[in-house]
Number of protein chains: 2
Amino acid sequence: LKIYTVFSVAIVLRQTGFANESLCCVLISLRWTFLPVYDKNPFMIIPENLKYNDKGLIPAIIQDWKTNEVLMMAYMNDASLKKTVESGFTWYWSRSRQKFWQKGETSGHVQRVKDIFYDCDQDTLLIKVEQTGPACHTGERSCFFRSFAGNASGEHT
Amino acid sequence: LKIYTVFSVAIVLRQTGFANESLCCVLISLRWTFLPVYDKNPFMIIPENLKYNDKGLIPAIIQDWKTNEVLMMAYMNDASLKKTVESGFTWYWSRSRQKFWQKGETSGHVQRVKDIFYDCDQDTLLIKVEQTGPACHTGERSCFFRSFAGNASGEHT
């Protein structure tokens, strides 16, 4: 149920006298508590045939949904992909720390998921996001800010 | 040495009488045979601190240099990256077949390298290419032609 549907129903119930303010608040709270997953990403289905590598991971390429700029690459496991789809924000699996992390959990530079694509081999994800702030921990917009040509010409060194 | 520099020198030598046609041809051939690497990508330098995974591979995201569309992802090892920089076309390492392959070697759908970026962790490459024909073996422009949202709405199934 979309939150605005619940709001509309609550307002109609209130106006027609079928519910008082308290009941309306309860209705909205119930919806907010028990149906967040369905509402936040009602149209995303994780394909069953995704292939994870021998460590149970799948690489996820993160791309700006408007400019198509590639921002970063990180790894997800089965559970962090579910968390990503359910929350609408990117969650990764840190190979070095062996734990989940939400992108931007400390910096606030979160990534709101717009859509998730998967490739012909079902072993790589391409996630289109709305990026808040820079994607790279260095403060650069994209983690791919250095190039082989730039090295040669003296840029970015 | 740029090939047009060698040509110019050869022409000047011929015109001024310092060399005959044969000597000019030898000059040009020598340059073509022994210095192709330098000429084909004179401005690309492979960073020394790239990190390959425990199988000696580094993932390479392939992006259309004009539209920024992500076309595919594949793996390179040290040697195939060198081949890519030297030839100016993408060469990969096939994990399943354990051999080198040039993208498009049978289909003709080659990828001419425009620039190569590497990320802040030095463990992922982003290669901007001019793609001839479709990048995907299915005939689609990009390998990422199916989406989680598309699955839900019935597209691409």
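Here is what the cut-offs are and how they apply
- Residues numbered from 1 in each chain as written.
- Chains lettered and ligands numbered in written order.
- Predicted model: local features only at pLDDT ≥ 70, side-chain atom pairs only at ≥ 80, totals over all residues.
- Heavy atoms only, no water.
- Contact = heavy atoms within 4.5 Å.
- Buried area = accessible area lost by both parts, 1.4 Å probe.
- Salt bridge = Lys/Arg side-chain N within 4 Å of Asp/Glu carboxyl O.
- Polar contact = N/O pair within 3.5 Å; in protein donor to acceptor, adjacent residues only side chain to side chain.
- Helix = DSSP H or I, 4+ residues; strand = E, 2+ residues; numbered from the N terminus.
- Nonpolar A, V, L, I, M, F, W, Y, C, P; charged D, E, K, R; others polar.
- Pairing = 2+ DSSP bridges.
- Buried < 20%, exposed > 50% of the residue type's maximum accessible area, 1.4 Å probe, protein only.
- Axes fitted to C-alpha atoms, helices over the stretch in contact; angles between N-to-C directions.
- pLDDT = per-residue confidence, 0-100.

### Section: the interface of chain B and chain A
Counting from both sides, the interface comprises 44 residues of chain B and, opposite them, 44 residues of chain A. Together, the buried faces of chain B and chain A total about 3,500 Å²; carbon and sulfur atoms form 63% of this surface. Contact with chain A buries area across many residues of chain B, yet Phe144(B), Arg146(B) and Phe148(B) alone supply 24% of it, more than any other trio. Connecting chain B to chain A are two salt bridges. Two residues, Lys55(A) and Asp54(B), come together in a salt bridge whose shortest N-O distance is 3.1 Å. Counting across the interface, chain B meets chain A through 18 residue pairs in polar contact (both at pLDDT 80 or more). Counting residues per element, the ones that place at least two in the side of chain B that touches chain A are strand E1 (57-64), strand E2 (70-77), helix H4 (78-87), strand E5 (111-118), strand E6 (125-131), strand E7 (146-147) and helix H5 (148-153) of chain B. Here the side of chain B that touches chain A is built from residues that sort into 26 nonpolar, nine polar and nine charged.

### A closer look at the sheet that holds strand E1 (residues 57-64) of chain A
With mixed pairing, five strands are arranged side by side in an open sheet as E2(A)-E1(A)-E6(A)-E5(A)-E7(B). Each edge of the sheet is formed by a strand with only one pairing partner; in this case those strands are strand E2 (70-77) of chain A together with E7 of chain B. With five bridges joining them, E1(A) and strand E6 (residues 125-131) of chain A adopt parallel strand pairing. When the bridges of E6(A) are listed, Ile61(A) appears paired with Leu126(A).

### A short note on the side chain of Lys103(A)
Its location among the elements puts Lys103(A) in the loop between strand E4 (99-102) and strand E5 (111-118). Within the structure, Lys103(A) has its side chain in polar contact with the backbone oxygen of Ala135(A) (distance 2.5 Å).

### Brief notes about the pairing of strand E3 (residues 91-94) of chain B
Residue and element names in this part refer to chain B. Where burial is concerned, the two faces of E3 agree: the one with Trp91 and Trp93 and the one with Tyr92 and Ser94 are both buried. Taken together, the four bridges between E3 and strand E4 (residues 99-102) define a ladder with antiparallel strand orientation. What sits directly across from Trp93, in E4, is Phe100. In this structure, the hairpin formed by E3 and E4 is closed by a connection of four residues, where Gln98 is found at a positive phi of approximately 50°.

### Concerning the sheet that holds strand E7 (residues 146-147) of chain A
The five strands lie next to each other as E7(A)-E5(B)-E6(B)-E1(B)-E2(B), forming an open sheet whose pairing is mixed. Both edges of this open sheet fall to E7 of chain A together with E2 of chain B, since each of them pairs with a single strand only. Contacts from H4(B) reach E2, E5 and E6 of chain B, with the element oriented near 120° to E2(B).

### A closer look at the confidence of the model for chain A
Residues and elements named next belong to chain A. Across chain A, pLDDT averages 86, with 87% of residues at or above 70. Residue range residues 36-40 is modelled with pLDDT below 50. Its contacts to residues more than four positions away, or to other chains, number nine contacts. Scored as a whole, the predicted complex attains pTM 0.74, and scored at its interfaces, ipTM 0.74.

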